[in-house]
Amino acid sequence: MKNRSSWYRYVLQIFFFVFIGMLAVNHVLSESNVTLFPFLPNVSLHAVCPFGGVESIIGLITAGTLVPKLQLSTLVISALVLILTLIFGSVFCSFVCPLGTIQEWVGKLGKKIFKRRYNTFVPQKLHNILKYLRYVVLILTIMLTFNAGRLIFADVDPYYAMYHFFTDEVTIGSLVVLGVVLIGSLFIERPWCKYACPYGAVLGLVSKISIFKIKRKTSACNNCTLCDRNCPMNIEISKKKTINDSLCIKCMDCVEDDVCSKDSMIYTAKKVNLNEGSIEAETEV
Amino acid sequence: MKLKRLIIAVSILAVIFGGIAISKSLGWWKTTSSRKIFETSGSGRNESSHEVEAGHDTAGDGIVEEHASTEVSGSTTVSQALELGIPKDILIEFCGDISNKDAIVKDLIIANGLSFGKTKTILNEYIDSDSLY
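Residues numbered from 1 in each chain as written. Chains lettered and ligands numbered in written order. Predicted model: local features only at pLDDT ≥ 70, side-chain atom pairs only at ≥ 80, totals over all residues.

The helix and strand inventory of chain B stands at five helices and three strands. Listing every helix and strand of chain B by position from the N terminus yields α-β-β-β-α-α-α-α. A total of 133 residues make up chain B; the buried ones form 33% of that total. Put simply, of all contacts in chain B between residues at least 6 apart along the chain, 63% involve residues at least 24 apart. (Helix = DSSP H or I, 4+ residues; strand = E, 2+ residues; numbered from the N terminus. Buried ≥ 20, exposed ≤ 12 C-beta atoms within 10 Å, placed from the backbone. Contact = placed C-beta atoms within 7 Å.)

Quick look at the structure:
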């Protein structure tokens, strides 16, 4: 059961999904001297893609340069997302990323079709292996981008394909990947985020040292494992005291959605005694 | 202190749009570029660089090496340049409006206030993008 608090996340997701879409349409139409949204700037999505800073990392370190198509604004956005991640964890994935959003929307259809079987098709053991794939994608992307000197990931990037599918700028490869991701979302929640997203891999690692973390009061928990079953990222929450898994996208589903009848999940910056449940004395914002 | 989604949502908007506003005021928010040309002399890269005057923006964030063989010439049209593999957004960056596919690239570049000689080098680099870095 979702409560009102979920809507804050949904509203932000819709806002960024539409906003980035409008930027993309504006930029594409500018080639024909048409401006559909005059109140928005004419910028390429490459110029505001936070992953650009990561893709260019070797060139930035060795020569102080960005790959063509990326701009200084790319670095600014990368830095801002990094700051957010250091404070809150991977909230970019759950509140902002349009690709994550569309996977969630398709996933809602999957939930209606498969009901309780949804997001259980990948065995936990296989999931625990597959989740490292995104690090392989990350390393390959950085190395190949450096070698090629161009945005090589754009050839398979479902995010770019999603906003430019109507242009001749997208490759068949990226459209195929987008299709596979969307179809996969009918069976698995956020398959791209879990198994392939190189930017999620970076943010997941950074979020391990974030200030705010989700914690489980073991004194209040009755090990019903409802939190495990509701976690979109298949994290075994009931086996942890602090949810420091790099897959955690801080969607807050386990904390705020009335999943836990014992209120044993909290999202806090404080060090708390999880065994004695001393949370109650804290001030809630 | 426990955080809720509302606080996170507001913080995200504040950090992203506040950060962009601050970076704009500091002159760091550059969404288009002018590119630096490093002329190749022999096996080494010449230290001196020439910045192409873009007229409206000076991010200077890319390095493009000059090569002996060029593909874009004074008579190349927009459609030919696109066929050569030069990305559309790069062409727009240097030529402005490219809706007329038969227009001469050189004319558009000059009309855009840029040096054709230097810009041609940059455009040709996109054809041989493997030699970047």
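This is not the end of the story, as more comes after the structure.
Another aspect to go through is helix α8 (residues 133-148) of chain A. Residue and element names in this part refer to chain A. The end-to-end C-alpha separation of α8 is 22 Å, in line with the 22 Å expected for 16 residues at 1.5 Å each. If you check which residues of α8 are buried, you get R134, L138, T141, I142 and T145. For α8, the angular spread of the buried residues around the axis is 90 degrees, confining them to a single face. Exposed residues pointing more than 90 degrees away from the buried face of α8 are listed as V136, I139 and M143. Where the residues of α8 are buried, they touch α2 (52-55), α3 (57-63), α11 (191-195) and α12 (198-207). At the exit of α8 stands G149, carrying a positive phi of roughly 70 degrees. (Expected span 1.5 Å × (residues − 1). Arc of directions from axis to C-beta.)

Residue and element names in this part refer to chain B. Here helix α1 (residues 5-25) contains 21 residues, and its C-alpha end-to-end distance of 30 Å stays within 8% of the 30 Å for a straight helix at 1.5 Å per residue. Here α1 has its buried residues at R5, I8, A9, I12 and I16. The buried side chains of α1 occupy one side of the element, clustering within an arc of 110 degrees when seen end-on. Seen from the buried face of α1, the exposed residues on the opposite side, beyond 90 degrees, are V10, A14, G18, A21 and S25. In the stretch just after α1, G27 is the one whose phi turns positive, near 80 degrees.

Time to look at unusual backbone geometry. Residues and elements named next belong to chain A. Its identity as a non-glycine residue notwithstanding, N119 has a phi of 65 degrees, on the positive side. Relative to the helices and strands, N119 resides in the loop between α6 (98-114) and α7 (124-130). N119 sits in the buried class, given 23 other C-beta atoms within 10 Å. Positive phi, normally seen in glycine, also occurs at R190, with a value near 50 degrees. Structurally, the position occupied by R190 is in the loop between α10 (172-184) and α11. C-beta crowding within 10 Å serves as the criterion here: with 29 such atoms nearby, R190 is assigned to the buried category.

Turning our attention to the domain arrangement of chain A. Residue and element names in this part refer to chain A. Per the domain assignment, the segments of chain A are domain 1 (5-207) and domain 2 (213-281). Just the C-alpha atoms count here: the centres of domain 1 and domain 2 sit 27 Å apart. Listed by partner, the interface residues are 19 residues for domain 1 and 12 residues for domain 2. In terms of residue class, the side of domain 1 that touches domain 2 is made up of five nonpolar, nine polar and five charged. (Domains from an automatic or database assignment. Nonpolar A, V, L, I, M, F, W, Y, C, P; charged D, E, K, R; others polar.)

What follows covers the sheet that holds strand β3 (residues 265-268) of chain A. Working definition: the strands of a sheet are paired by backbone hydrogen bonds and lie parallel or antiparallel to each other. All names here are of chain A. Spatially, three strands are ordered β2-β1-β3 in an open sheet, and the strand pairing comes out antiparallel. Looking at the sheet topology across the chains shown, the edges are occupied by β2 (242-243) and β3. Across two bridges, strand β1 (residues 213-216) lies against β2 in antiparallel orientation. When the bridges of β2 are listed, K215 appears paired with T242. (Pairing = 2+ DSSP bridges.)

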